[in-house]
Amino acid sequence: MGPVSSLLAGGTVRGLHGKEQADAMNAVRQTVLAAVGGASVLLGLGYTARGYRLSRRGQVTDRFSVAIGQLASDKLEERLGGVYGLEHVMAESPQDHATVLGVLSVFVRENARTAPRPEPVGPDARGQQRPVPAWGTEPPADIRAAVEVLARRPDREEARRIDLRSTELAGLLLRTFEFDEPPRLSRAFLTWANLSRADLRGIDLSDAIVNGADLRKAWLAWARLDGAGLVRADLRGAHLSDTRLLGADLSGADLRDTESLTARQLAGAVIDEATLLPPALSHDPWVMARLAACREWRDQRDQHDGLEPPPPTAAVHRG
């Protein structure tokens, strides 16, 4: 350290003599040694942290591989272990968030695919070919577990939608009082999904695409469907008490025999002449005013792409 200390000491220290120069050089050497020691510690910490990250990443990769293998098992218990193993990977590794969502979505789609639907004969024939399932019907346990994991996933930015199109989820239970936070399938693809008799009280389906889905007899009380696409969805007999429908597209949807649906809810939704409503609402002045506003909005949308749906229609006096 002698040459280095002498170089760092500079001309001022080298100009001293005797004991003064020796003391000054000794102080410089101690400072240099302390700096070198500190740098060594920092370098060691850097290598330790890097090793920890690599080790942790290796552990996550191993757990991910084991969980994938369990999903392919013939035993229900192992498939359930794989589902919950992937949930732990997603919770601890944000960089694997999208991958886990993709794997679980494929697992549900491939193992709970709906049977092909016959072509409907007319607007009154929607859903008539498939009876509403009996009370107590539920998806298999591994499918339920996978959907529950998707519904309680960490709230992170997601580039792609969860894809659950054409899935058989009749009788699914996703009730807000059974989760720490409201179950969330916002922005999910649920086109042509069978959610008849599903209990979805309090679920967040905002901006989800649920076009053509079977929601007959579904419980959607307190659910959030703001901005959701429900074009030609079958909601006959669904419970819609306090369901939020702001900006929801109900074009061509079948809302006959729904429970607790009000004109106030429809005043913020998008409806058209093909939307089938309960008799008490089909001629309601407020609903008719909303229909006219949506018709005018569609005419303008044809000329201006990306036009936002009309704001909620103000209450109309029922003469």
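Residues numbered from 1 in each chain as written. Predicted model: local features only at pLDDT ≥ 70, side-chain atom pairs only at ≥ 80, totals over all residues. Heavy atoms only, no water.

Student: I keep staring at the overall build of the protein chain and nothing clicks. Help me out?
Tutor: Looking only at helices and strands, the protein chain has 8 helices and 0 strands in total. Listing every helix and strand of the protein chain by position from the N terminus yields α-α-α-α-α-α-α-α. Here the protein chain displays about 17200 Å² of accessible surface, and carbon together with sulfur accounts for 56% of that area. (Helix = DSSP H or I, 4+ residues; strand = E, 2+ residues; numbered from the N terminus. Areas by Shrake-Rupley, 256 points an atom, 1.4 Å probe, with all protein chains shown as cover.)

Student: Can you walk me through the confidence of the model for the protein chain in this structure?
Tutor: As a general rule, the predicted coordinates of low-pLDDT regions are not to be interpreted in detail. Per-residue confidence for the protein chain gives a mean pLDDT of 86; residues scoring 70 or more make up 81%. The spread of mean pLDDT over the elements of the protein chain runs between helix α1 (residues 2-14), the lowest at 54, and helix α5 (residues 141-151), the highest at 97. (pLDDT = per-residue confidence, 0-100.)

Student: Looking at this model, I keep getting lost on a negative patch on the surface. Mind explaining?
Tutor: A cluster of like negative charges, contributed by E296, D299, D302 and D305, occupies part of the molecular surface. Within the secondary structure, D299 is located in helix α8 (residues 285-301). (Patch = residues over 30% accessible without salt bridge, like charges linked within 9 Å, V, L, I, M, F, W, Y side chains within 5 Å. Salt bridge = Lys/Arg side-chain N within 4 Å of Asp/Glu carboxyl O. Lys, Arg positive; Asp, Glu negative; His and termini not counted. Charge placed at Lys NZ, Arg CZ, Asp CG, Glu CD.)

Student: Whenever I open this one, the pattern of salt bridges confuses me. Can you help?
Tutor: Pairing between side chains of opposite charge can happen when the charged atoms of each approach one another. A complete count under the given rule lists 18 salt bridges for this structure. For the salt bridge of R79 with D142, the shortest nitrogen-to-oxygen distance reads 2.7 Å. Of this pair, R79 sits in helix α3 (residues 76-92) while D142 sits in helix α5, and the two are 63 residues apart along the sequence. By relative accessible area, R79 is classed as buried at 18%. (Buried < 20%, exposed > 50% of the residue type's maximum accessible area, 1.4 Å probe, protein only.)

Student: How do you make sense of the packing of helix α4 (residues 97-111) against α5 when you look at a structure like this?
Tutor: For any two helices packed against each other, the geometry comes down to the angle between their axes and how far apart the axes lie. Taken N-terminus to C-terminus, the directions of α4 and α5 make an angle of 145 degrees; their axes are 10 Å apart at the nearest point. Seen along the crossing, α4 lies across α5 with a hand that is left-handed. On α5, the residues touching L101, L104, S105, F107, V108 and N111 of α4 are D142, I143, A146, V147, V149 and L150. Residue composition of the contact of α4 with α5, grouped by class: 9 nonpolar, 2 polar and 1 charged. (Axes fitted to C-alpha atoms, helices over the stretch in contact; angles between N-to-C directions. Left-handed = near helix turned anticlockwise from the far one by under 90°. Contact = heavy atoms within 4.5 Å. Nonpolar A, V, L, I, M, F, W, Y, C, P; charged D, E, K, R; others polar.)

Student: Explain the nonpolar core to me, please; I cannot follow it from the model alone.
Tutor: Soluble globular proteins: nonpolar side chains tend toward being buried together. If you look at the biggest cluster of nonpolar residues, it comprises 67 residues, and the most contacted ones within it are L174, L185, L250 and L266. Elements supplying a minimum of two residues to this core: α2 (18-71), α3, α4, α5, α6 (263-266) and α8. In terms of residue count, α5 provides more of this core than any other element does, 7 residues in total. Excluding anything up to four places from it in sequence, L250 contacts L230, L235, L245, L255, L266, A269, V270, I271 and T275. (Core = buried A, V, L, I, M, F, W, Y, C linked by side-chain atoms within 4.5 Å.)

Student: Sorry, what's going on with the packing of α3 against α5 here?
Tutor: In contact at an axis separation of 9 Å, α3 and α5 are set at 5 degrees when each is read in the N-to-C sense. For the element pair α3 / α5, the angle class is roughly parallel. Here α3 contributes L76, R79, L80, V83, Y84, E87 and M90 to the contact with α5, which in turn contributes A141, D142, A145, A146 and V149. Of the residues that constitute the contact of α3 with α5, the class distribution is 9 nonpolar, no polar and 3 charged. (Parallel < 35°, antiparallel > 145°, perpendicular 65-115°, else oblique.)

Student: Where do I start with the environment of E273 in this structure?
Tutor: By the element assignment, E273 lies in the loop between α6 and α7 (279-282). Judged by its relative accessible area of 53%, E273 falls in the exposed class. Sequence-wise, E273 and G252 are 21 residues apart; in three dimensions their C-alpha atoms are separated by 7.5 Å. A polar side-chain atom of E273 sits 2.8 Å from a polar atom in the side chain of R295. (Polar contact = N/O pair within 3.5 Å; in protein donor to acceptor, adjacent residues only side chain to side chain.)

Student: What's the story with the side chain of R197 in this structure? I'm lost.
Tutor: In this structure, R197 sits in the loop between α5 and α6. Look at R197: it is buried, it has no salt bridge, and the nearest opposite charge is E259 at 10 Å. For R197, the side chain forms a polar contact with the main-chain oxygen of P133, separated by 2.7 Å. Residue contacts for R197: discarding those within four places in its chain leaves V132, P133, A134, W135, G171, R216, K217 and A218.

Student: Explain the packing of aromatic side chains here, please?
Tutor: Evaluated as defined, the whole model comprises 0 aromatic pairs. The cationic tip of R161 hangs over the ring face of F189; the distance from NZ or CZ to the ring centre is 5.5 Å. If you follow R197 out to its NZ or CZ, it ends over the ring of W135, 4.2 Å from the centre. (Phe/Tyr/Trp six-rings, centres within 6.5 Å; stacked < 30°, edge-to-face > 60°. Lys NZ or Arg CZ within 6 Å of the ring centre and 35° of its normal.)

Student: It is not clear to me how α5 should be interpreted in this structure. Could you clarify?
Tutor: Since one α-helical turn is 3.6 residues long, residues separated by three or four positions face the same way. For α5, a buried count of 8 out of 11 residues is recorded, marking the element as mostly surrounded by other parts of the structure. Among the residues of α5, those classed as buried are D142, I143, A145, A146, V147, V149, L150 and A151. On its buried face, α5 is in contact with α3 and α4.

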